[in-house]
Amino acid sequence: MNNQYVRREVFCGNTCHELKRFWEREIGKQTYYRESEEYRLGRSALGKLREEWRQRLETKLRLRNNTDETEKRANVGRELLASLTQDDTKH
């Protein structure tokens, strides 16, 4: 057996085991808090609300864009009709 390992055990004694137990408990606590927070956020209605608002905004944007396209088409139609009417009056 290598002497450095024996010396380490003799040097640490119970202190190493106590430190290990302490940090294992701390890690366990942090893991528990993180998991409980993830669970709480998963149950939260915030995600559902954000999705609903996103859908509403997308619908409004689509309607606005369709309205703009309809107005452009109407304007093109009016301009075409006006140009045809002017051509008829010239002849």
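These remarks concern the structure in this document. (Residues numbered from 1 in each chain as written. Predicted model: local features only at pLDDT ≥ 70, side-chain atom pairs only at ≥ 80, totals over all residues. Heavy atoms only, no water.)

So, the pattern of salt bridges
Note that side chains of opposite charge can pair when their charged atoms are close.
Moving on, step 1. Applying the stated rule across the entire model yields 5 salt bridges.
Moving on, step 2. The partner of Glu 26 in a salt bridge is Lys 29, and the shortest N-O contact between them spans 3.5 Å. Taken together, the residues Glu 26 and Lys 29, both in helix α2 (residues 14–43) and 3 residues apart, mark about one turn of the helix.
Moving on, step 3. Judged by relative accessible area, Lys 29 falls into the partly exposed class, the value being 42%.
Moving on, step 4. Across the pair Arg 54 and Glu 51 runs a salt bridge, and its minimum N-O distance is 2.3 Å. You can see Arg 54 and its partner Glu 51 sitting in helix α3 (residues 46–90), 3 residues apart, about one turn around the helix.
Moving on, step 5. By relative accessible area, which is 37% here, Arg 54 ends up partly exposed.
Moving on, step 6. Given the relative accessible area of 34%, Glu 51 is considered partly exposed.
Moving on, step 7. Each of Glu 51, Arg 54 and Glu 58 takes part in one network of salt bridges that share partners. (Salt bridge = Lys/Arg side-chain N within 4 Å of Asp/Glu carboxyl O. Helix = DSSP H or I, 4+ residues; strand = E, 2+ residues; numbered from the N terminus. Buried < 20%, exposed > 50% of the residue type's maximum accessible area, 1.4 Å probe, protein only.)

Some words on a nonpolar patch on the surface
Moving on, step 1. A contiguous nonpolar surface patch, about 430 Å² in accessible area, is contributed by Leu 19, Phe 22, Trp 23 and Ile 27.
Moving on, step 2. Relative to the helices and strands, Phe 22 resides in helix α2. (Patch = residues over 30% accessible without salt bridge, like charges linked within 9 Å, V, L, I, M, F, W, Y side chains within 5 Å. Areas by Shrake-Rupley, 256 points an atom, 1.4 Å probe, with all protein chains shown as cover.)

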